[in-house]
Amino acid sequence: MSRVGARLCPVLKPNFSLLYFPFSSWWSHVEMGPPDPILGVTEAFKRDTNSKKMNLGVGAYRDDNGKPYVLSCVRKAEAMMASKKMDKEYLPIAGLADFTRASAELALGENSEAFKSGRYVTVQGISGTGSLRIGANFLQRFFKSSRDVYLPKPSWGNHTPIFRDAGLQLQAYRYYDPKTCSLDFSGAMDDISKIPEKSIILLHACAHNPTGVDPRQEQWKELAAVVKKRNLLVYFDMAYQGFASGDINRDAWAVRYFIEQGINVLLSQSYAKNMGLYGERAGAFSVICSDAEEAKRVESQLKILIRPMYSNPPLNGARIASIILNTPDLRKEWLVEVKGMADRIISMRTQLVSNLKKEGSSHNWQHITDQIGMFCFTGLKPEQVERLTKEFSIYMTKDGRISVAGVTSGNVGYLAHAIHQVTK
Amino acid sequence: MAASIFTAVPRAPPVAVFKLTADFREDGDARKVNLGVGAYRTDEGQPWVLPVVKKVEQMIASDSSLNHEYLPILGLPEFRANASRIALGDDSPAIKENRIGSVQSLGGTGALRIGAEFLRRWYNGNNNTATPVYISAPSWENHNSVFVDAGFKDIRTYHYWDAAKRGLDLQGLLDDMEKAPEFSIFILHACAHNPTGTDPTPDQWKQIAAVMKRRFLFPFFDSAYQGFASGSLDKDAWAVRYFVSEGFELFCAQSFSKNFGLYNERVGNLTVVGKDADNVQRVLSQMEKIVRTTWSNPPSQGARIVATTLCSPQLFAEWYDNVKTMADRVLLMRSELRSRLESLGTPGTWNHITEQIGMFSFTGLNPKQVEYMIKEKHIYLMASGRINMCGLTTKNLDYVAKSIHEAVTKVQ
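The rules behind each value
- Residues numbered from 1 in each chain as written.
- Chains lettered and ligands numbered in written order.
- Predicted model: local features only at pLDDT ≥ 70, side-chain atom pairs only at ≥ 80, totals over all residues.
- Heavy atoms only, no water.
- UniProt positions renumbered as here; feature names shortened; annotations may be inferred.
- Phe/Tyr/Trp six-rings, centres within 6.5 Å; stacked < 30°, edge-to-face > 60°.
- Buried < 20%, exposed > 50% of the residue type's maximum accessible area, 1.4 Å probe, protein only.
- Lys NZ or Arg CZ within 6 Å of the ring centre and 35° of its normal.
- Helix = DSSP H or I, 4+ residues; strand = E, 2+ residues; numbered from the N terminus.
- Domains from an automatic or database assignment.
- Contact = heavy atoms within 4.5 Å.
- Buried area = accessible area lost by both parts, 1.4 Å probe.
- Salt bridge = Lys/Arg side-chain N within 4 Å of Asp/Glu carboxyl O.
- Polar contact = N/O pair within 3.5 Å; in protein donor to acceptor, adjacent residues only side chain to side chain.
- Nonpolar A, V, L, I, M, F, W, Y, C, P; charged D, E, K, R; others polar.

Chain B carries the name Aspartate aminotransferase in an unreviewed UniProt entry, which gives Centropus bengalensis as its organism. Its UniProt record gives chain B a comment under Cofactor (unreviewed entry), which states: "pyridoxal 5'-phosphate". Here chain B is described in UniProt, under the heading Sequence similarities (unreviewed entry), as follows: "Belongs to the class-I pyridoxal-phosphate-dependent aminotransferase family."

Under an unreviewed UniProt entry, the name given to chain A is Aspartate aminotransferase, and the organism recorded is Centropus bengalensis. Taken from UniProt, the Subunit (unreviewed entry) comment for chain A reads in full: "Homodimer." For chain A, the Cofactor (unreviewed entry) comment in UniProt is given as "pyridoxal 5'-phosphate".

**Q** Just to check I follow, could you spell out the packing of aromatic side chains for this structure?
**A** How two aromatic rings sit relative to each other is given by the distance of their centres and the angle of their planes. One pass over the structure, following the stated rule, counts 50 aromatic pairs over all chains. An angle of 85° between the planes, with centres 6.5 Å apart, marks the rings of B:Tyr242 and B:Phe243 as edge-to-face. A residue is classified by how much of its surface remains accessible, and B:Tyr242, at 15% relative accessible area, is buried. Three or more aromatic residues link up through ring pairs in this structure, and these residues are A:Trp26, A:Trp27, B:Phe118, B:Tyr123, B:Phe147, B:Phe152, B:Phe183, B:Phe216, B:Phe218, B:Phe220 and B:Phe251. Against the face of A:Phe375 rests A:Arg401, its NZ or CZ located 3.7 Å from the ring centre. Its end group placed over the ring of B:Trp350, B:Arg166 keeps NZ or CZ at 5.1 Å from the ring centre.

**Q** Quick question: what am I supposed to make of the UniProt feature "domain: Aminotransferase class I/classII large" (unreviewed entry) in chain B here?
**A** UniProt tags residues 31-404 of chain B as "domain: Aminotransferase class I/classII large" (unreviewed entry). Across residues 31-404 of chain B one finds 46% helix and 15% strand; the C-alpha atoms that close the span lie 14 Å apart.

**Q** Where do I start with the environment of A:Arg47 in this structure?
**A** Residues and elements named next belong to chain A. Mapped onto the fold, Arg47 is located in helix 2 (residues 37-47). Look at Arg47 and you get exposed, because its relative accessible area is 63%. Counting along the chain gives 332 residues from Arg47 to Gly379, while the straight-line C-alpha distance between them is 26 Å.

**Q** Any chance you could explain the domain arrangement of chain B here in plain terms?
**A** Think of interface size as the accessible area that goes away when the parts come together; that is how it is often given. All names here are of chain B. As far as domains go, chain B holds domain 1 (16-48 + 328-410) and domain 2 (77-311). For domain 1 and domain 2, the distance between their C-alpha centroids amounts to 29 Å. Contacts between the two partners involve 18 residues from domain 1, matched on the other side by 16 residues from domain 2. Area buried by domain 1 at its contact with domain 2 is led by Ile357, Phe360 and Phe362, which between them contribute 39% of it. If you look at where domain 1 meets domain 2, you find zero salt bridges. At the junction of domain 1 and domain 2, the tally comes to five residue pairs in polar contact (both at pLDDT 80 or more). By residue number, the principal contributor to the side of domain 1 that touches domain 2 is strand 11 (residues 360-362), which donates three residues. The residue makeup of the side of domain 1 that touches domain 2, split by class, is nine nonpolar, eight polar and one charged.

As structure tokens, this is what we get:
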């Protein structure tokens, strides 16, 4: 076998023996990737034959029959699309303009000075993940002050690998207090006040994932003050606007407050949950800038980042979202429907707590109704979670997180009973 | 307010091909012709939504059992399997031996990027960013950016286009492969080379494969025009299938933008061919991790359309027919343009116009002549002299031919 090439290029020292080519593979040394923990929960759930089984791992909304819910305003928007004879031409790299503008307005509020002055750039992203990644890549390339991204402890599991793959480093600030199942505000303030200046801090705009624990407005004000004092670059992840409290303005309050305080934030938005557009990948990434001219420069660089990732974004989801946001009747209908989803979640929280009381549980379950959004950190320990799965066919992640969306009026009693059994 | 952290962000130049279209749109001249962006146009100069696509979209729209739930990370299973089957062939030994994998991606670009990210992490050692990546000279300009952004530090070109003879520089290509460090990655255009429209013949592919095998070079195919090039799926996949039959492990980035006309739905697929199922499984598990931090899971609409079509014999036949319609129109425009140039006696040889294949033709016009075309004749084409044959119509053929004639005779 010729080794001439190898001699000419001594830097290349493959880890596998050439003697075996072509009998072995280029990929012999590739390790099996670890199974996704959440996916694993769903797989195990599928295999379970217990008729009472519950999947509380799923991060998608379910109606009170446990079924996926396609919003009526979405169906209407789709019908409008079907009736128009639209072509399939490439979108611009930055995405559908009607969508990105409406997204910015939704997040910032129509009266926002930042929105009206045009000192922002919004590009269409591949739902929340894609939008986060665009921002992460942008920071890696242009934010030279720091490589460090501070995440709340805990945060969405995918935040860490997203920022890591973008070439940034991860740090953490205290956030969740497992003793009280609520916000460790003094811990958070303490940690944040010590973050090196000009570091990047990620904040969940509302409905913190996975804990469901959000700061109150007074707490947000203090967080804004300390973040400003430390001169930190703020990156908001807003995946649940409207879905958390049922009120889009309330859920965007923190983002808007920060901007009003002169903090030029980065923002990732997702329409997966609040419009039920999960698989259509509708999302947006925004940068609040000093002025419109800077926004144009930033936009031009975002396009340079996006083009070698996937060229330009998919139309379908963005078009649906755009029609909804820009058609007054549909927008009204959407606001009612998103409130409906939020209300059902809140109602399930309330029913779970009252059922636990009825079961005779002496524990304090107030955190279940204090927390907000799709997820709830129950405070259950791994052993208890395992018992729930083995004895009751109730599936959730080991950290005790449940997706309240998986709870229905039909199974909340069973859930309360099971939780009581493993915690009494 | 403190100075912005983005004060120093420079304004990036616009992507050339999109700037061209933007300029075209602003041009008020009635004679204007857009021979820039690579998208199919009818003889009326209009975008064309394939009839089969319209039909399937209506089926999807009226199916109330469908929802918008997340697809799996690697994509819609029926799409993945069928997309790879289209590339490799129904009777592919690799499929029979269960040693292929597929990753639904956002267009051909997305497939290239996932493949590139994987190779950077796992090929030729771990995280070996020094592995040379060879891209044809010229190539689609985004190839370079994809591999640079994936982290590769040593991007090189391999000889491809021979400007003097207006054809493939096979000897230059083979020489580059002989000299390339072992394990280098080569980006190969499966068919309808962009931008030259010049493909190796089957015999030339055999020579290329022989060198690549001997020198342990990794084939990464970019297949954006299967079916669209010749009208035959099998013919356009010949090179990929030949490499598979020769025992190569390879990647093939597929796009369904052109052959399904689904440009804005971002439908693509990365086909992985490995030595055996175990290797492929491990590769896919790692690609899953890469997908998860890039877009989590792919968009559903376009994949559904393609999967539905490929799974139904009747719809498949309709699709095949639609593809042939597009390919035939392009072939017709090629022969019409060539015959006009030859009738006009335009200096130079013009047989390359019909010998080239696919959407694009490298006319041979130099930058000055291109500028003339744009400024004086309001005919928009890339500075490289690349034209999109789809921009030609029976109505504008005469004008374009005469303009090329003028450019060649007046401008040197």
